[in-house]
Amino acid sequence: MVLTDLGRKLNAALSSLNRAPVVDEKVLDATLKEITAALLESDVNVKLVASLRQKVKAKVKAALDGSDKSKDSNRKSLIQKAVFDELVHLVDPGIEPYKPKKGQPNVIMAVGLQGNGKTTTCTKLAVYYQKRGFKSCIVCADTFRAGAFDQTRQSATKAKVAYFGSYTETDPVVIAAQGVVKFKKERFDVIIVDTSGRHKQESELFQEMVQISAAVKPNMTVLVLDASIGQAAEAQSRAFKESADFGAIIVTKMDGHAKGGGAISAVAATKTPIIFLGVGEHLYDLDRFSPQPFISKLLGLGDMQGLMEHMQDLATQNPDKQKEMAKKLEEGKLSIRDWREQIQNVMNMSVSDLPGLLISTKFRFFLRGPISKIASMIPGLPQELLAGSDEEGSLRMKRMIYITDSMSAKELDSDGSLFLETGKDGKPVGLTWRVTRVAKGSGTSVREVEELLCQYRMMAQMAKQAGGKNGWLQAMQKMQ
Ligand code: GDP
């Protein structure tokens, strides 16, 4: 999750409001003080913070004047709603970005200073659209930085995305034009043009951008900004806007940058929509941004809309697998092998078995690492469960794979009952020799194997309860 610290502090402020026995002006002020301190720490501009504070107060006051003042629960939800709405307002430029359409070329030109993550983001974007059925490609028009084309070539090859560039042509405008013409002819849907960045905002850079833009006529120009600059993002985006008008912004390096809140709100103040957040160095570390779901996730309220979109994406990517998993869920027949497959999917950051994964999000284990991205979309999950580094999560998952590696085929295809000693009444009374053997074979402990089996059983149990089409969703809702 991005901005974990800010989310935690905002949550803490709203929770202390919930705990207050009486909600009066003093309590409201204390809550607002905590919220504004958290926002300032995230480098949100002091004027924006002051305005948020004022608006929340005014809204609450106006609403209270016309409502039942005696009810504290009324006041609490009024305050919470006002805070939520104003936080959304803080990151919402109020403008809809361009949306690529299938069956036509959509040229996206990326601009930004060197080191902001432009080249990485271009590949991430191509992968994002490719996964959603758009035929995507990259044109490397960065002739300024030595090795830029090599970087594109390597990352595009890794991502299995088509690319175009040149080792000999020195004019970026020529390369950009040639690449776009070629890919348009080849009927690509999304053509991403990566331009060169400079260390600072030099006039040549702006000129070059204008020339490339005139040559390729982009449907959308995207400014790539680094979150670590915080509220200075406003000045940087204004400087770019004066020369090359851009329609959208991507804020990169949101992972681990406490100043990200400042960058996002500063950008919103320039009335340009943020379309994505870069949240890591890997190809899939790109989160779609939209104001309301973003604040909802930040406050631990989930993002049902994002979750549903994610589900639809996955269903189109791998319909057979989806059907197979849905059938297994329906029949309540999820073997240890199926479960292991799910762990591997999480490790590969491929979440193609989402229904099963969602059911398992109740477990702390799954809420670490990459899966926290999905978990954070689910309403009602406590934020502290989402904490923890990807390394910890990966390590835990690796150990689980080692454990299942030491199981026989019969054990893997079972429902885990082979590992349980049962009494006369059929109820489990202990563990069989198999557990000790698996622990020894995998270099883990009996306790770890036991834990794994316990988690598997909980997961299988939920799968059973969830049975039926969309049953997983009902099960998930029951969990809240
Ligand atoms: P460019 O000069 O703007 O094209 O920047 P690059 O794409 O070469 O990226 C510069 C550095 O930032 C590289 O080390 C990237 O791996 C890293 N980077 C890019 N985006 C992100 C992100 O969202 N998070 C993190 N942590 N690193 C990123």
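Residues numbered from 1 in each chain as written. Predicted model: local features only at pLDDT ≥ 70, side-chain atom pairs only at ≥ 80, totals over all residues.

J.: Go over the pairing of strand 4 (residues 190–195) with me, naming the residues and quoting the values.
T.: Counting buried positions over the 6 residues of strand 4 gives 6, a clear majority of the element. Alternating residues of strand 4 divide into Val190, Ile192 and Asp194 and Ile191, Val193 and Thr195, and every residue in both groups is buried. Sheet topology places strand 1 (residues 106–111) next to strand 4; 5 bridges connect them, and they run parallel. Residue pairing for strand 4: asparagine 106 is matched across the bridge by valine 190. Relative to strand 4, strand 2 (residues 136–141) runs parallel, the two being bridged by 6 bridges. By the bridge assignment, valine 139 is partnered in strand 4 with valine 193. (Buried ≥ 20, exposed ≤ 12 C-beta atoms within 10 Å, placed from the backbone. Helix = DSSP H or I, 4+ residues; strand = E, 2+ residues; numbered from the N terminus. Pairing = 2+ DSSP bridges.)

J.: If you had to explain the packing of helix 2 (residues 25–41) against helix 3 (residues 46–65) to someone new, which residues and values would you point to?
T.: Between helix 2 and helix 3, the shortest axis-to-axis distance is 10 Å and the interhelical angle comes to 155°. Judged on the interaxial angle alone, helix 3 and helix 2 are roughly antiparallel. With respect to the hand of their crossing, helix 2 and helix 3 are arranged in right-handed fashion. Contacts between helix 2 and helix 3 involve Leu28, Leu32, Thr36, Leu39 and Leu40 on the former and, on the latter, Val46, Val49, Arg53, Val56, Lys57 and Val60. Residue classes in the contact of helix 2 with helix 3 are distributed as 8 nonpolar, 1 polar and 2 charged. (Axes fitted to C-alpha atoms, helices over the stretch in contact; angles between N-to-C directions. Parallel < 35°, antiparallel > 145°, perpendicular 65-115°, else oblique. Left-handed = near helix turned anticlockwise from the far one by under 90°. Contact = placed C-beta atoms within 7 Å. Nonpolar A, V, L, I, M, F, W, Y, C, P; charged D, E, K, R; others polar.)

J.: I'd like a rundown of the pairing of strand 10 (residues 428–431), residues and numbers included.
T.: The pairing of strand 9 (residues 420–422) with strand 10 spans 3 bridges and is classified as antiparallel. Looking across to strand 10, one finds that leucine 420 is bridged to leucine 431. A loop of 5 residues connects strand 9 with strand 10, the two strands running antiparallel in sequence, and glycine 426 in this loop sits at a positive phi of about 85°.

J.: Go over the nonpolar core, please, and point to the residues and values.
T.: The tendency in soluble globular proteins is for nonpolar side chains to be buried as a group. One finds Val193 and Val251 to be the most contacted residues of the largest nonpolar core, which totals 90 residues. When residues in this core are grouped by element, the largest group, 7 residues, is from helix 4 (residues 72–91). Counting residues in each nonpolar core, the second largest holds 13 residues, with Leu334, Trp339, Phe419 and Leu453 among its members. (Core = buried A, V, L, I, M, F, W, Y, C linked by C-beta atoms within 7 Å.)

J.: How would you explain the sheet that holds strand 2 if you had to name every residue and give the values?
T.: Spatial ordering of the open sheet is given by 3-2-4-1-5-6-7-8, a layout of 8 strands whose pairing is mixed. Looking at which strands have only one partner, the edges of the open sheet turn out to be strand 3 (162–164) and strand 8 (286–288). Each adjacent strand pair in this sheet contributes to an overall mean axis angle of 25°, direction not counted. Relative to the sheet, helix 5 (residues 118–131) contacts strand 1, strand 2, strand 4, strand 5 (220–226), strand 6 (248–252), strand 7 (274–278) and strand 8, its axis offset from that of strand 4 by approximately 175°. Where helix 9 (residues 233–243) meets the sheet, it contacts strand 1, strand 5 and strand 6, and its direction lies at approximately 150° from that of strand 5.

J.: Now, about the site of the ligand: what can you tell me, with residues and values included?
T.: Around the ligand, the surrounding shell holds 17 residues, and the nearest of these are Gly117, Lys118, Thr119, Thr120 and Gly278. In terms of residues, the shell around the ligand owes the most to one element, helix 5, which gives 3 residues. (Near = placed C-beta within 6 Å.)

J.: Which residues make up helix 1 (residues 4–19), and what are the values?
T.: Spanning 16 residues, helix 1 covers 22 Å between terminal C-alpha atoms, matching the ideal 22 Å at 1.5 Å per step. Three or more residues of helix 1 are buried, namely Leu6, Gly7, Leu10 and Leu17. All buried residues of helix 1 lie within an arc of 100° about the axis, which places them on one face of the element. For helix 1, the exposed residues set more than 90 degrees away from the buried face come down to Ser15 and Arg19. (Expected span 1.5 Å × (residues − 1). Arc of directions from axis to C-beta.)

J.: Break down the environment of alanine 30 for me, citing the residues and quoting the values.
T.: Along the polypeptide, alanine 30 turns up in helix 2. Counting along the chain gives 14 residues from alanine 30 to serine 16, while the straight-line C-alpha distance between them is 9.4 Å.

J.: Explain the environment of serine 237 residue by residue, including any values.
T.: Tracing the chain through its elements places serine 237 in helix 9. C-alpha separation for the pair serine 237 and threonine 270, spaced 33 residues apart in sequence, amounts to 7.6 Å. Excluding its chain neighbours within four sequence positions, the residues that come into contact with serine 237 are Leu223, Leu225, Ile249, Val267, Thr270 and Thr272.

J.: Can you lay out unusual backbone geometry for me, pointing to particular residues and giving the numbers?
T.: Negative phi characterises most residues that are not glycine, and trans characterises most peptide bonds. For lysine 160, which is not a glycine, the phi torsion comes out positive at approximately 55°. Phi at lysine 271 is positive, roughly 60°, even though this residue is not glycine. Here lysine 271 shows up in the loop between helix 10 (260–269) and strand 7. The exposure class assigned to lysine 271 is exposed, which follows from the 11 C-beta atoms found within 10 Å.

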